[in-house]
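Chain residues, written in single-letter form:
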Amino acid sequence: MSQTNTPLLDEVTRWSRETCRQRLKSVLPRLTSLHNDSENWDDHIRILKVITDMFLPHMALSELEDECFSKILPKAVTMFEGMIKEILDQVGGLSSQNTELCALLRNILQAMMQIIDALTTCVRHVGTFEEAPELDAIRSLPTCILKVLTETFNHCKESEVVYCGRLSLVADLLQGLFKEAYSLQKALLELLDRISLDSSASEEDVSDTVTVIHNLLDICSIISNLDIALHANTWKFLIKLSLRYQSLVEEHLHHGDISNSLCDNLLVAFNNCVELAEQIKHAGLQESTQSPEYKLFQKTAKMCRFFSNTLVHYIKEFKFFLTKYCSCYHHLYLHIISKFPPSLSAPTLPSALSEELNAAALVPMGALLLQLLALRPFAEFVLQNDLRLSPEHELPQCLLLVSVLGQIHSQPEEVLQLWHAGSQFSEEERRLPLYQALFTSFRRCGTERRVPVLLPGVMLKGQAQVLVTLHNHICVQLCASVAALPPVYIPVLERCLLNTVLQTDTQTALLATDVWCFTARYGTAELCLHHVHLVAQLVKSCPAECYQAAQLGLLLRRMVFLMTPDHQMELVERFPPSEVGNAPVWRHVLLRALSQTARRRVEADVTGLTQNALSDWRNGGYKLGQVEDVNTVLLALLAVVRVQSSPEEPCVSSATRVITQLWERMSPDQVQTHPVLQWTLQLLLSISANLVKNLEPQVIYQALLCVDKVVSQKCGDELLLAALEFLSSLGKIFFPPDSQNPILPKLSSLFTVLLAGGVWLLQQHALEAFSQFAEVTNHEEVISQSLSVEETKTKVVNYLSKTVNAREDVESRLQRLKLEAAVIEEHNEALERNKENASSKLSAEAAAGLEPCPKRARQEAGAEELHSRYIRAAETALKGLQALLAGGTPDVVAPPPQWLQPKLQELQTLITDISTAGATT
């Protein structure tokens, strides 16, 4: 580069300070003009240094902008940017052998440092004035300096890429350049902190302040990985400036850029903390608090806390300008919560590190949520019906809603309505009520419920806090919320509870049932009665075996316990047990929940109804079409006999007579053929298990024959479970010697078959049933005969000794639970897709007043079906007679009657005639 030979500069450099002060007015314009006309960097820097070092100290504050800064600083920025460009153009050929290029690049870096030094001189001179400067007195200074700082920090950040492995040749100068820029920024921020704007500030002052804030934001994005202290201090000043002039700048700031940058920085710091904590754990350094890794973790955690608190503060002050970014805050919240227990994706960290991380990130999330509660877009995003999240964010979403539930009771009425009421008008964004959203979110945490994850329980006075399941945790929070719920939102709560009880996931329905029972108990007796009537009517309207009936039935069973005796009698009057249509209601009621008067009434009505149904069936000729009515009343009878403690109870004897008559009508072959009779058999087995001490041996034998027939063929799991219940109950019976021969071998063979096969769940029930039978039976030979197969014997021994064959490792079990949860949820969704079609069909049948079963019974059967039916009946009767002649029955000890042989000959003749007629036809 050429040396400047201007006579003026040569002369000025020899002047004293006093001469410079005296000649300032005449020489400075000439120098600034010369500076702007300079074409090479050496001339530019020499003139800049003369101005800043020799003339600037003699200028008044009011003269700086117009006579100096506005004329020299833009040119300085242009020259600085040109130097950066020159480096980028030339650096490709840099090597240790190319000494000339290396010297050139080092000279450029030194020139850049000189420009920064000149700018620092300008800032320091302004800082020497006692009075705080007005912004318009130094308008060019902040803008130009921030541009230079941005270029400098960016060049340092990209240096490894720019110098491409040859960084060592200029590393010392880059380090010096960074330090000079660091000092310049610090001085500038101190200067800007002295400046004050009031409400009368000009638009130009406001615009310049906004520009400064945005330039600082750009610098923050560059220096995030360069220096922790510089990064934090820059952010602090940025936020401080935004809040100091909030009323002036809030409509002009790029709020989205600022808040998104805060979120990004928080996520980076948080993720770095988690990674460092895991590294410290794996290296075993958690006790080495003086190790470099531990100190770095603490610094990073401090930055994490800083960004968390800063974000909360910024949202608090500018929340109504940030409504478009609620999805970003929601994602941030879920991500941070997902890295802490009880989330399944949370790493296991040492307690000390976990506590620091908790204070840095988790605690501020509560404050963040509190600031977002009043924002409608946030509520709409969180409560949207079709919100789909990644699996690791499902539990955090659920916990977010629980936190909302805990914080919302202290909010104004409009916030309560926003969260509790759901969307009210079609033009609104669709949002669920908070309770419905929480139940839906709980349902999606299938894997977490099955693990199960544990959360802190409620603190009770005098007791240590314990960990509880997710179900327990949410149930307590929901009940506490219901207790404080304004009455206007009770109808919304009721709708949410009903919708949840009617959905397919059983545990979610159980959670709603728990909350509903609390609501009924916490409210008035009249409210409880109203809810019981509602649920009973719904139970009555449901098809017998749909999942909604089972879940509503459980709710009804529990709520009856909460009713007053008078209201229980009112329920009996409202749904008389003597009517067949009300049998679905009483099948779900535990009679021990009723008062003595109501219980006696229900027992008498149900047993009477069962006897009437059996009489109607008998009088109708035992038609298949009437079996459904018999099954309906048997369900109610089962509820009655389950709670009877004494065989002398009137209803027990009545039920025993009915069951005995029904067993006499049960044909094993017909049971195998007709599904409706399999349902009858299932009910008979369950009832007989409760009445087993009152049954005659021949009735038990008939039951075993039917069980043997269905077990040998493929039948429903429910029927097998009922059979196991019945077989288990037989351990209570001592069979007299004359009835042991047909019964005990049959019992042994059934246990052998049921213990040997089936899916694991049925096999588990079989083991339970057999062990219960073995504990109380007097017929020990049944036990030994049932275990004749060595494999079966081993299963039973392992079960009784509680031997676990194989243990899953934690990760394998978790993966299995995730797969199971997905399969179950897919099944539930399929059920719900079919629910509407089934409901429409049932509604159509109800509207038309159809009676499907009786009508089907009167339809003309096909010829083949009639032939098959009569042959099966004849075959069954003959086999029964053959068994009677071969071994007798416990109640038949006399020889066959004399008329039997002639009758058999008549039947033989009849069979010959039928065969001849068939062949002729």
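It should be emphasised that the depicted structure is a prediction, and the values quoted were computed from it without experimental measurement.

Novice: Requested: an account of the overall build of the protein chain, with residues and values cited.
Specialist: A count of helical and extended segments in the protein chain gives 42 helices and 2 strands. Relative to its length of 921 residues, the protein chain is extended, with a C-alpha radius of gyration of 44 Å against a globular reference of 29 Å. Each of the three principal axes of the protein chain carries a C-alpha extent, and together these read 155 × 70 × 65 Å. In the protein chain, 75% of the contacts between residues at least 6 apart in sequence involve partners at least 24 apart. Split by element, the accessible area of the protein chain, about 45200 Å² in all, is 52% carbon and sulfur. Between the mean site of the 79 positive side-chain charges and the mean site of the 104 negative ones, the protein chain shows a separation of 4 Å.

Novice: Run through the environment of Glu448, naming residues and quoting values.
Specialist: Locating Glu448 in the fold gives a position in helix α20 (residues 446–450). Once the C-alpha coordinates of Glu448 and Ser343 are considered, the two residues, 105 residues apart in sequence, prove to be 8.0 Å apart. In contact with Glu448, not counting residues within four places along its chain, are Leu344, Pro391, Leu395 and Val453.

Novice: Summarise the pattern of salt bridges; cite the residues concerned and give the values.
Specialist: All told, the structure shown has 25 salt bridges when counted by the stated rule. For Glu67, the salt bridge identified is with Lys25, shortest N-O distance 3.8 Å. In this pair, Glu67 is assigned in helix α4 (residues 64–90) and Lys25 in helix α2 (residues 17–37), connecting sequence segments 42 residues apart. Accessibility expressed as a relative area gives 29% for Glu67, which makes it partly exposed. The exposed category is assigned to Lys25, whose relative accessible area is 52%. Taking the shortest distance from any N to any O, the salt bridge between Asp117 and Lys49 comes out at 2.6 Å. Pair noted here: Asp117 is in helix α5 (residues 99–127) and Lys49 is in helix α3 (residues 41–55), with a separation of 68 residues, a long-range link. Judged by its relative accessible area of 29%, Asp117 is partly exposed.

Novice: If you had to explain unusual backbone geometry to someone new, which residues and values would you point to?
Specialist: Look at the link from Pro341 to Pro342: it is a cis peptide, with omega at 10°. In this fold, Pro342 is placed in the loop between α14 (326–338) and α15 (351–372). Even without being a glycine, Tyr622 presents a positive backbone phi close to 50°. Looking at the secondary structure, you find Tyr622 in the loop between α28 (596–619) and α29 (627–641). Judged by relative accessible area, Tyr622 falls into the partly exposed class, the value being 27%. In this structure, Lys802 takes a positive phi of about 60° despite not being glycine. The exposure class assigned to Lys802 is exposed, which follows from its relative accessible area of 74%.

Novice: For α4, give the residues involved together with the corresponding values.
Specialist: The end-to-end C-alpha distance of α4 is 37 Å, a good match for the 39 Å that 27 residues give at a rise of 1.5 Å each. A bend of about 30° at Ser70 is the largest found in α4, and the proline Pro74 appears one to four places after it.

Novice: Report on the packing of aromatic side chains, specifying residues and quantitative values.
Specialist: Evaluated as defined, the whole model comprises 13 aromatic pairs. Taken together, the ring pairs connect Phe153, Phe178 and Tyr182 into an aromatic cluster. Against the face of Phe442 rests Arg449, its NZ or CZ located 4.9 Å from the ring centre. Here the guanidinium or amino end of Arg665 rests over the ring plane of Tyr622, the centre of that ring lying 4.0 Å away.

Novice: Talk me through a negative patch on the surface; I want residue IDs and the actual numbers.
Specialist: Together, Asp66, Glu134, Asp136 and Asp198 make up a negatively charged patch on the protein surface. By relative accessible area, which is 47% here, Glu134 ends up partly exposed.

Novice: Tell me about the environment of Ile258, and please be specific about residues and values.
Specialist: Mapped onto the elements, Ile258 comes out in helix α12 (residues 255–283). Measuring from C-alpha to C-alpha, the distance between Ile258 and Gln537 comes to 57 Å, with 279 residues separating the pair along the chain. Ignoring any residue separated from it by four or fewer positions in sequence, one finds Ile258 in contact with Ile213, Leu217, Trp235, Leu238 and Tyr314.

Novice: Lay out helix α26 (residues 565–574) with the relevant residues and their values.
Specialist: Looking only at α26, the buried set comprises His567, Gln568, Leu571 and Val572. For α26, the angular spread of the buried residues around the axis is 150°, confining them to a single face.

Novice: Hey, could you go over the nonpolar core for me, with residue numbers and the actual values?
Specialist: By size, the foremost hydrophobic cluster in this structure holds 281 residues, and its most contacted members are Phe55 and Trp419. Ranked by residues supplied to this core, first place goes to α5 with 14 residues.

Novice: Talk me through the state of the cysteines; I want residue IDs and the actual numbers.
Specialist: A full pass over the atoms with the stated rule returns 0 disulfides. Free cysteine Cys20: the closest other cysteine sulfur is in Cys68, separated by 13 Å. You can call Cys20 buried: its relative accessible area is 1%. Free cysteine: Cys546, not disulfide-bonded; nearest cysteine sulfur from Cys542 at 4.3 Å.

Novice: Describe the packing of α5 against helix α6 (residues 140–157), and please don't skip the residues or the numbers.
Specialist: Angle between the axes and distance between the axes are the two parameters that describe a pair of packed helices. With their axes 11 Å apart at the nearest point, α5 and α6 run at an angle of 145° to one another. As α5 packs across α6, the resulting crossing turns out to be left-handed. Within the contact between the two elements, α5 uses Leu109, Ile116, Leu119, Cys122, Val123 and Val126 and α6 uses Leu141, Ile145, Val148, Thr152 and His155. Class assignment of the residues belonging to the contact of α5 with α6 gives a composition of 9 nonpolar, 2 polar and no charged.

Novice: Would you mind going over the packing of α3 against α5 in detail, with residue names and values included?
Specialist: Two elements in contact, α3 and α5, have axes whose closest approach is 10 Å; the angle formed by their N-to-C orientations is 20°. By the criterion of interaxial angle, the relationship of α3 to α5 is roughly parallel. The handedness of the crossing between α3 and α5 is left-handed. Every residue of α5 that contacts α3 at Trp41, His44, Ile45, Leu48, Lys49, Thr52 and Asp53 is listed here: Ile108, Ala111, Gln114, Ile115, Asp117, Ala118, Thr121 and Cys122. Of the residues assigned to the contact of α3 with α5, the class counts are 8 nonpolar, 4 polar and 3 charged.

Novice: Mind laying out the confidence of the model for the protein chain, listing which residues take part and the relevant values?
Specialist: Overall, the predicted model of the protein chain reaches an average pLDDT of 88, with 92% of residues at or above 70. With pLDDT under 50 throughout, residues 838–862 is counted as low confidence; its partners more than four residues away or in other chains account for 12 contacts.

Novice: Help me get a handle on the side chain of Thr52, residues and values and all.
Specialist: On the secondary structure map, Thr52 appears in helix α3. A polar side-chain atom of Thr52 sits 3.4 Å from the main-chain carbonyl oxygen of Lys49. Leaving out residues up to four positions away in the same chain, Thr52 has contacts with Pro57, Ala118, Thr121 and Cys122.

Novice: Please provide a residue-by-residue account of the side chain of Lys795, values included.
Specialist: By the element assignment, Lys795 lies in helix α38 (residues 790–800). Buried charge without a salt bridge: Lys795, with Glu791 as the nearest opposite-charge side chain at an N-O distance of 4.4 Å. Those residues in contact with Lys795 that sit more than four places away from it in its chain are Leu755, Ala756, Gln763 and Leu767.

Novice: Could you give me a rundown of a nonpolar patch on the surface, with the residues and numbers involved?
Specialist: The grouping of Leu878, Leu907, Leu910 and Ile914 at the surface amounts to a nonpolar patch, some 360 Å² of accessible area in total. The residue Leu878 is located in helix α41 (residues 863–887) in this model.

About the thresholds
Here, residues in each chain are numbered from 1, in the same order as that chain's written sequence. The predicted origin of the model limits local features to residues at a pLDDT of at least 70 and limits the giving and counting of side-chain atom pairs to 80 or more, whereas totals for whole chains, interfaces and linings rest on all residues. Only heavy atoms go into the side-chain values, all of them from the structure, while hydrogens and water stay out. Helix and strand definitions follow DSSP, with helices as H or I runs of at least four residues and strands as E runs of at least two, each counted in order from the N terminus. All radius of gyration figures rest on C-alpha atoms, and the globule criterion is 2.2 Å times the number of residues raised to 0.38. Residue contacts are counted whenever heavy atoms from the two residues lie within 4.5 Å of one another. In short, Shrake-Rupley with a 1.4 Å probe defines the accessible areas, and a residue's cover is counted only from the protein chains shown. None of His or the chain ends enter the tally, which takes Lys and Arg as positive and Asp and Glu as negative. Taken as the charge centre is NZ of Lys, CZ of Arg, CG of Asp or CD of Glu, depending on the residue. Just to be clear on terms, a salt bridge is a Lys or Arg side-chain nitrogen sitting within 4 Å of an Asp or Glu carboxyl oxygen. For every residue, the accessible area (1.4 Å probe, protein chains only) is compared with the maximum for its type, and the residue is labelled buried under 20%, exposed over 50%, or partly exposed between those bounds. Between the first and last residue of a helix there are one fewer steps than residues, each counted as 1.5 Å, and that sum is the expected span. A residue's bend is the angle separating two fitted axes: one through the seven residues that end there, the other through the seven that start there. Aromatic rings from Phe, Tyr and Trp, with only the six-membered ring used for Trp, were paired whenever their centres fell within 6.5 Å, and each pair was classed as stacked if the ring planes differed by under 30 degrees, edge-to-face if by over 60, and tilted otherwise. Throughout this description, the term charge over a ring refers to an Arg CZ or Lys NZ atom that lies within 6 Å of the ring centre and within 35 degrees of the ring normal. Only residues whose relative accessible area exceeds 30% and that form no salt bridge are eligible for patches; like-charged ones are grouped when within 9 Å, while nonpolar side chains (Val, Leu, Ile, Met, Phe, Trp, Tyr) are grouped when within 5 Å. An arc is given here, and it is the one of the directions from the helix axis to the C-beta atoms. Buried Ala, Val, Leu, Ile, Met, Phe, Trp, Tyr and Cys residues that are joined via side-chain atoms within 4.5 Å together make up what is termed a nonpolar core. A pair of cysteine sulfur atoms is labelled a disulfide when the two atoms are within 2.5 Å. Here, axes are lines fitted to C-alpha atoms. For helices the fit covers the stretch in contact, and angles between N-to-C directions go from 0 to 180 degrees. Crossing handedness is read from the near helix: turned anticlockwise from the far helix by less than a right angle, it gives a left-handed crossing, and turned clockwise, a right-handed one. Residue polarity follows a fixed list, in which Ala, Val, Leu, Ile, Met, Phe, Trp, Tyr, Cys and Pro are nonpolar, Asp, Glu, Lys and Arg are charged, and the others, Gly among them, are polar. When describing relative orientation, an angle under 35 degrees is termed roughly parallel and one over 145 degrees roughly antiparallel, while 65 to 115 degrees is termed roughly perpendicular and anything else oblique. The pLDDT value expresses, per residue, how confident the predictor is, ranging between 0 and 100. In protein, a polar contact requires one atom able to donate a hydrogen and another able to accept it; more generally it is a pair of N or O atoms within 3.5 Å, and residues adjacent in sequence count only if both atoms are side-chain atoms.

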